[in-house]
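Examining the three-dimensional arrangement
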Amino acid sequence: MSASKVVLRILHVCISILVFLLVLFGLVKLGGQAYDLGYRVFTERPMENEPGTDVTVRVSEGMNALSLGTVLEEKGLVRDNKLFAIQMMLSAYAKKVKPGLYTLNTHQTSREMLKVMAAEEPKEEEEETKKEKEKSSEDSSGKKKK
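Residues numbered from 1 in each chain as written. Predicted model: local features only at pLDDT ≥ 70, side-chain atom pairs only at ≥ 80, totals over all residues. Heavy atoms only, no water.

1. Focus: the packing of helix H3 (residues 81-90) against helix H4 (residues 110-117)
Packing of H3 against H4 leaves a shortest axis separation of 10 Å and a crossing angle of 60°. Classified by the interaxial angle, the pair formed by H3 and H4 is oblique. In this structure, the crossing between H3 and H4 has a hand that is right-handed. Between H3 and H4, the residues in contact are Phe84, Gln87 and Met88 and Ser110, Leu114 and Met117, respectively. In terms of residue class, the contact of H3 with H4 is made up of four nonpolar, two polar and no charged. (Axes fitted to C-alpha atoms, helices over the stretch in contact; angles between N-to-C directions. Helix = DSSP H or I, 4+ residues; strand = E, 2+ residues; numbered from the N terminus. Parallel < 35°, antiparallel > 145°, perpendicular 65-115°, else oblique. Left-handed = near helix turned anticlockwise from the far one by under 90°. Contact = heavy atoms within 4.5 Å. Nonpolar A, V, L, I, M, F, W, Y, C, P; charged D, E, K, R; others polar.)

2. A short note on the confidence of the model for the chain
If pLDDT is low for a region, its predicted coordinates should not be looked at in detail. Across the chain, the average pLDDT comes to 82, with 81% of residues at or above 70. The least confident element of the chain is helix H5 (residues 123-137), whose mean pLDDT is 54; the most confident is helix H1 (residues 3-43), at 92. (pLDDT = per-residue confidence, 0-100.)

3. Some points on the environment of Ala119
For Ala119, the location among the structural elements is in the loop between H4 and H5. As a C-alpha pair, Ala119 and Lys98 span 21 residues in sequence and 7.5 Å in three-dimensional space.

So, in structure tokens, the structure goes:
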């Protein structure tokens, strides 16, 4: 074997080892990021400790998980809209979030916020319904019926 063939063979082996190490490094890095995301999906902490801050959020008809996450991120209720979207899609509340006006708090976790937004009727709508019933129960003289 000539010297040039030996040098080329050594160079080929070195490049193969370098490519293998780069691929291995990439897989380890990607695995770490995947683990971090998976960990955060199930253990994300609230934005603030109790008592937190109340924030009013309007959920529109047909709003998807990512757009809802964006609204919550803009209001300071979640750190990452994409993470919230993943949490919502994996939760039992994925298809149960109702449109309406909600008062959420910065000490609530994503799961707690989803539970509130998936309730049968938002608080504000319940209060509006009660007020409407009270108005309809008043007679023409302005007194409530007994």
